[in-house]
Amino acid sequence: MTDTASMPAPEKIPFWRNPTIRACGFQAVMLVGLVLLALVIYRNTLANLTLRGINTGFGFLSNEAGFGIGEISAIPMINPGFFSFVASAMGVALGLFLLFRYLIQAEGNGKNRFMLGAGVVLFTASLGCFYTSISMVETYTYTHASTYVTALVTGLINTLKVSVLGCVLSTILGLFIALAGLSPNWLLKKLAHAYIEINRNIPVLMHLFFWYFIVFQRLPGVRHSASLFDTVFFNNRGVYLPRPVFQENFALFFVAIFLSLVIVFFLWLHGRKRQGETGKQPPVLIPCLGVLIALPALVCLFTGTPFHFDYPVLKGFNFKGGMTLTPEFMALVTGLTVYVSAFNAEIIRSGIQSVSKGQTEAGRALSMSEGRIMRKVILPQALRVIIPPMTSEYLAIAKNSSLAVAIGYPDLVSIGGTILNQTGQSIEVIGIWMTVYLIISLLISIGMNWYNAKIRLIQR
Amino acid sequence: MKTIVEPYHGDRPPILKSGALNWMKNNLFSPWYNAVLTVVTAALVYILVTPLWRWAVTDACFGTTPDVCKGSHGACWAFIQDMWPVFMVGTYPSDQRWRVALAAGMVLLLIIATLFRALRKKRLLHLLWILSPAVIFILVRGGETFHLQYVPSTQWGGLMLTVFLSLVSMIFAFPLSVLLALGRQSDMPVIRSVSVAYIELVRGVPLISILFMASVVLPLFFPPEMEFSKIMRAMVGITLFFAAYLAENIRGGLQGLARGQYEAADALGLGYWKKMGFIILPQALRIVLPPMVNNFIGILKDTSLVGIIGLIDLLQVAFAATSNPKWLGKIEEAYLFVALFYWIMCYSLSKFSRILEERYQL
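Moving on, we come to the overall build of chain B. Each helix and strand in chain B was counted, giving 15 helices and zero strands. Taken over C-alpha atoms, the radius of gyration comes to 27 Å for chain B, far larger than the 21 Å a tight globule of 362 residues would show. Along the first, second and third principal axes, the C-alpha set of chain B runs to 95 × 75 × 45 Å. Each of the 362 residues in chain B was classed as buried or not, and the buried ones make up 41%. Accessible surface, chain B: about 20,900 Å² in total, of which carbon and sulfur atoms supply 69%. When the 30 basic and 20 acidic side-chain charges of chain B are each reduced to a single mean position, those positions are 7 Å apart.

Given below as structure tokens:
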């Protein structure tokens, strides 16, 4: 035992050993360092730019571009019609959401009648607005005389087109490959494994080059085009498809289709609810099919056919009419799809295998059919494992679509590169690229995180 | 009444049916639809593989001159036989290629030595590993002081460039990513936000934009008299890009460690760097070794993008070789050859990562 009085008084901690002060000091030093670095970079950049005679700023964007773009998409004009189009579409979605919330609410404890009323009013009013504003939306397209901004927006639309298509197609293909990999059939399983292992171990740029230089550019010339039922033509200038041409009344037709889809959705929801309450399955399929066919048919009957097809026809040296998919577009979409589908297949396969075998056996014990077990028991549980890695694959597609520059598809990076070479405004162009991709990445992550949170296992 | 259960009277378990025929019956033809599936798949494989086989093997021609391929429908492997040094080292002077071969042989020897468990702990081996990058660099680059012909980096290419770029980027990205991962886990708000901003910014943009930035904008950041070679710029871009991805992997390892490890280190009164260096990182890095190998596969595949900013890597060398007037338009052969190289490298690395994963799970 020691006497406390005889112990030396606790040493006062000098301030430079106080963790809080140390942390503050360390951060201050780092901050000063970063600011100094930024200053040096800024000064050097200014000096270099003046040396090369390059102006800074985004003023160049309103100059005339003057170069050609291989694939031109229509850009919606920012006018009142466009705004009312967007606003009414959002109104329709919100109205549907309210109705949906009303329907899935439990019976009894004060069902919110207000939600029903608001939903119905919002839905019908917005649908009306939507119908009138479709025809008010005007579009314009890029020409040589357009500005750099228009060129960049065209590139952005092309990027989005490829990314969305790539995400959808690679998911579908990946699902099929994954199911093939899980099949009890030995040959099919081995084939799926080979597909995955071959495709994911080869760089994506190589995939693009393969599809572009070896497949789509080696298709026969225009005069010897391969055709499918004389409506779809393949040649080395692209793929020619029939194009639907809309008549005056197509808006009403679309509204009718949309309305019938909404009715079918609510019929299905209602049927499911009734089954939950009474155990009996009310007839859903027949009324659904009836609505789905009758409503658009009725519109057609009153207003005539909403569209006809414009078929591509060989005239002179090239095809006229129809819709053209350029070889660059085809190569980019196919290459990205094949590459990413291998990863998606692996993600889906491991997700499905992560659901314990007991779940399948329990489903069989309840005498559910194999397809039903897959849909109702396995997939909902597997999705929780699948979604997070799938999100990064979707992000990878959006980012890898920038490889379009290597095969000359006019996406955002490719057009930006042309502008960069023409104007020398490298910092601004790269800044635009990075900002746009950051926004796209952010939107995809937000969307997928929302979905992930929705299907997450809620633990009590 | 129909008997449902047949009573079993034997005292032995039922005989397991085996043999090739039974295996086929169970795995290929058991319900009728499986048989249909097998036939369709087999037909598909036949349709896909036969023309490829005929092109690549049956009708192929070998040799070293373009004449052997005249009038043949098959692959012209003579092209690869003639040009394969170009695929390996690009435009590296042909009388100096032995230096690259020597460097590759040295690395191979080191790897083989490391595979022996007994040698792995030897100091000498560690020293050789640490010295090897400098030795290889001197050997490949050359220069007056070493009595070797100087080979500027503009002449480096092919497989050598691909491997060089990915290895060097990995080596430089690793310490940077450890710092970023630690920064992201740090309690200090400034450091954390700087790390988070860097990681999320880089992960949100495509590699090609970073490469463009490194090749066009980076020289603007430095005084005009400083000059960077193209390879140097590409390396900076790839390093900065993959450091962010690697940092996220390492963060996973840091988070996967039990809290007790952190607390034990604190209880021992270790400072921050000692805690991280001796307790946390050695364990965390071991957990993330397999994902780090996968990350390296990603680097290896994505170095093919440097072709877009004008370097002649393994993929671009295929174009360069087929533009040789002697071998014009032999692009299929070049592609298959290059694809095979990428595939062998990436596939063996992914197998390696899986072996590591299994070993550490025990």
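Now that the structure has been shown, we can carry on.
With that out of the way, let us pick up the interface of chain A and chain B. With 49 residues of chain A at the interface, the matching set in chain B holds 53 residues. Both sides together, the interface formed by chain A and chain B hides about 4,600 Å², and carbon and sulfur atoms give 74% of it. For chain A, the biggest contributors to the area lost against chain B are Gln27(A), Asn201(A) and Met206(A); these three give 13% of the whole. Linking chain A to chain B there are one salt bridge. As a salt-bridge pair, Glu197(A) and Arg354(B) come within 4.0 Å of each other at their nearest N and O atoms. Viewed at the interface, chain B and chain A are joined by 12 residue pairs in polar contact (both at pLDDT 80 or more). Secondary structure elements with two or more residues in the side of chain A that touches chain B: α1 (19–52), α5 (186–200), α6 (204–216), α9 (327–354), α12 (404–407), α13 (412–423) and α14 (426–455) of chain A. It is α1(A) that contributes the most residues to the side of chain A that touches chain B, 13 residues altogether. Split by residue class, the side of chain A that touches chain B holds 35 nonpolar, nine polar and five charged.

Now for the domain arrangement of chain B. Domains assigned within chain B are domain 1 (20–54) and domain 2 (82–92 + 151–361). Taking the mean C-alpha position of each, domain 1 of chain B and domain 2 of chain B sit 41 Å from one another.

All names here are of chain A. Judged by side-chain charge, Arg-272, Arg-372, Arg-375 and Lys-376 come together as a positively charged surface patch. With three residues, the top contributor of residues to the positive patch is helix α11 (residues 370–400). Counting through the fold element by element, Arg-372 comes out in helix α11.

Below, the discussion takes up the packing of aromatic side chains. By convention here, two paired aromatic rings are described through the distance between centres and the angle between planes. This structure, assessed with the given rule, holds 19 aromatic pairs over all chains. The structure contains a cluster of three or more aromatic residues connected by ring pairs, namely Phe209(A), Tyr212(A), Phe213(A), Phe319(B) and Tyr335(B). Positioned above the aromatic ring of Tyr245(B) is the side chain of Arg203(B), whose terminal nitrogen or guanidinium carbon lies 5.8 Å from the ring centre.

Attention shifts here to the pairing of strand β4 (residues 232–235) of chain A. Residue and element names in this part refer to chain A. Bridge count between strand β3 (residues 226–228) and β4: three bridges; the pairing is antiparallel. By the bridge assignment for β4, Leu-228 is matched with Val-232. Following β4, the chain reverses through two residues before pairing antiparallel with strand β5 (residues 238–241).

Residue and element names in this part refer to chain A. Pairing is antiparallel in the open sheet, where four strands are placed in the order β3-β4-β5-β10. The open sheet terminates on both sides in strands that have one partner only, identified here as β3 and β10 (323–325). Between one strand and the next, the sheet's axes are offset by a mean angle of 20°, whatever the strand orientation. Where β4 lies against β5, three bridges are found, and the strand directions are antiparallel. Counted as the bridge partner of Phe-233 is Tyr-240 from β5.

Within this structure, the stated rule accounts for nine salt bridges over all chains. Note that Glu197(A) and Arg200(A) form a salt bridge whose closest N and O atoms lie 3.5 Å from each other. Of this pair, Glu197(A) and Arg200(A) both sit in helix α5, three residues apart, roughly one helical turn. Among the salt bridges present, the one from Arg184(B) reaches Glu248(B), with a minimum N-O distance of 2.8 Å.

For Gln96(B), the location among the structural elements is in the loop between α3 (77–89) and α4 (97–115). As a C-alpha pair, Gln96(B) and Ile191(B) span 95 residues in sequence and 48 Å in three-dimensional space.

All names here are of chain B. Viewed as axis vectors pointing N to C, α3 and helix α14 (residues 314–322) meet at an angle of 130°, and their least axial separation amounts to 10 Å. When the axes of α3 and α14 are compared, the pair comes out oblique. Between α3 and α14 lies a crossing of right-handed hand. Residues Phe-79, Met-83, Val-86 and Phe-87 of α3 lie in contact with α14, whose contacting residues are Leu-314, Val-317, Ala-318, Ala-321 and Thr-322. Per-class residue counts for the contact of α3 with α14 are eight nonpolar, one polar and no charged.

Moving on, we come to a nonpolar patch on the surface. Residue and element names in this part refer to chain B. Together, Leu-108, Ile-111, Ile-112, Leu-115, Phe-116, Leu-119 and Trp-129 make up an exposed nonpolar region whose accessible area comes to about 680 Å². A total of four residues in the nonpolar patch trace back to one element, the largest contributor, which is α4. Inspection of the secondary structure assignment puts Leu-115 in helix α4.

For the rest of this paragraph, the subject is the pairing of β5(A). The two faces of the sheet receive side chains in turn, since in a regular strand these alternate between them. In this sheet, β10(A) lies alongside β5(A) in antiparallel orientation, the contact comprising three bridges. Looking at β10(A), one finds that Tyr240(A) is bridged to Thr324(A).

Next up on the list: the nonpolar core. In globular proteins that are soluble, nonpolar side chains generally tend to be buried together. Counting 165 residues, the largest nonpolar core has Phe67(A), Phe87(B) and Leu254(B) as the members making the most contacts within it. The residues touching Phe87(B), leaving out its near neighbours within four places in the chain, are Phe79(B), Ile80(B), Gly158(B), Leu159(B), Leu314(B), Val317(B), Ala318(B), Ala321(B), Ala334(B), Phe337(B) and Val338(B). Judged by nonpolar contacts, the second largest core, of eight residues, contains Leu99(A), Leu127(A), Val262(A) and Leu269(A).

Quick notes on the rules
Residues numbered from 1 in each chain as written. Chains lettered and ligands numbered in written order. Predicted model: local features only at pLDDT ≥ 70, side-chain atom pairs only at ≥ 80, totals over all residues. Heavy atoms only, no water. Helix = DSSP H or I, 4+ residues; strand = E, 2+ residues; numbered from the N terminus. Rg over C-alpha atoms; globule rule 2.2 N^0.38 Å. Buried < 20%, exposed > 50% of the residue type's maximum accessible area, 1.4 Å probe, protein only. Areas by Shrake-Rupley, 256 points an atom, 1.4 Å probe, with all protein chains shown as cover. Lys, Arg positive; Asp, Glu negative; His and termini not counted. Charge placed at Lys NZ, Arg CZ, Asp CG, Glu CD. Contact = heavy atoms within 4.5 Å. Buried area = accessible area lost by both parts, 1.4 Å probe. Salt bridge = Lys/Arg side-chain N within 4 Å of Asp/Glu carboxyl O. Polar contact = N/O pair within 3.5 Å; in protein donor to acceptor, adjacent residues only side chain to side chain. Nonpolar A, V, L, I, M, F, W, Y, C, P; charged D, E, K, R; others polar. Domains from an automatic or database assignment. Patch = residues over 30% accessible without salt bridge, like charges linked within 9 Å, V, L, I, M, F, W, Y side chains within 5 Å. Phe/Tyr/Trp six-rings, centres within 6.5 Å; stacked < 30°, edge-to-face > 60°. Lys NZ or Arg CZ within 6 Å of the ring centre and 35° of its normal. Pairing = 2+ DSSP bridges. Axes fitted to C-alpha atoms, helices over the stretch in contact; angles between N-to-C directions. Parallel < 35°, antiparallel > 145°, perpendicular 65-115°, else oblique. Left-handed = near helix turned anticlockwise from the far one by under 90°. Core = buried A, V, L, I, M, F, W, Y, C linked by side-chain atoms within 4.5 Å.

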